Amino acid sequence: TYVSGHFSRENFVTYKQYGNHKTVTKNPDLIKKAVNKEDKLNYAMLFPCWIARLIPHLHLTPNGVVIKPGKEDRLAYDGTIKIAWNSQSVSSITDTDKEPKIRYGTAFERHLVQIWNVRISYPSEEIYLWDDDVTGAFRQGKFNPEVIGAFSFILLSLLIIPCGLQFGCTFSPANFEPLAHAREQLAESL
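What you see is a predicted model, and the numbers here were worked out from it, not measured in a lab. (Residues numbered from 1 in each chain as written. Predicted model: local features only at pLDDT ≥ 70, side-chain atom pairs only at ≥ 80, totals over all residues. Heavy atoms only, no water.)

J.: Tell me about the nonpolar core, residues and numbers included.
T.: Counting residues in each nonpolar core, the largest one holds 26 residues, and the members touching the most others are Ile31, Val65, Leu75, Leu155, Leu159 and Ile160. With four residues, the top contributor of residues to this core is helix H3 (residues 28-40). Filtering out sequence-adjacent residues up to four positions away, isoleucine 31 remains in contact with Val24, Val65, Leu75, Leu155 and Leu156. (Core = buried A, V, L, I, M, F, W, Y, C linked by side-chain atoms within 4.5 Å. Buried < 20%, exposed > 50% of the residue type's maximum accessible area, 1.4 Å probe, protein only. Helix = DSSP H or I, 4+ residues; strand = E, 2+ residues; numbered from the N terminus. Contact = heavy atoms within 4.5 Å.)

J.: Please give an account of the confidence of the model for the chain that cites residues and values.
T.: For residues with low pLDDT, the predicted coordinates do not support detailed interpretation. The predicted model of the chain averages 76 in pLDDT, with 77% of residues at 70 or higher. Mean pLDDT values for the elements of the chain range from 54 in helix H1 (residues 9-18) up to 90 in strand E1 (residues 44-48). (pLDDT = per-residue confidence, 0-100.)

J.: Pulling in residues and values, what's your account of the sheet that holds strand E5 (residues 158-162)?
T.: Judged by pairing direction, the sheet is antiparallel, and its three strands sit side by side in the order E1-E5-E4 without closing on themselves. The open sheet has two edge strands with one neighbour each: E1 and strand E4 (153-155). Direction aside, neighbouring strands of the sheet carry axes that sit 35° apart on average. Sheet analysis places E4 next to E5, joined by three bridges and oriented antiparallel. Bridge pairing links phenylalanine 153 to isoleucine 160 in E5. (Pairing = 2+ DSSP bridges. Axes fitted to C-alpha atoms, helices over the stretch in contact; angles between N-to-C directions.)

Encoded structure:
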């Protein structure tokens, strides 16, 4: 818990008592897989959890597992939770009104309109379409090294300090949007 500009022993104890959401302890295989993926793809830096006491201005945030029928279970960062009365959540620091507008909800419709317009312009030519793999899309946006400690969490006795946007932060979708828009513009120009 980040409190008044420092990470205190009392706040660490409060975090350890609260821990992650119960869905994390109920899904150990998913957690191991997620941590291995974080490490393998260099999405995060992994340290032994005892080092958390030595890092100034560290903010530890609980994690949970999002389980939706018909969808793949996924680890989610809970950037909205306040562990103690004197703590502050990472998501409450961000003013989402000043974030970029989120447009990817209409991406499929805009894609179909683009195909329609290309067909009108080129009625007899072959149109090549492909699927855009957006694996790790949120991770493309990287945190400034001076603030990465604000997005840390502990899983499997490891302190995990992510390098990029997190699934579960209120500002991740909005900050992914400029990157997605740039890719969209590049694809259209090609």
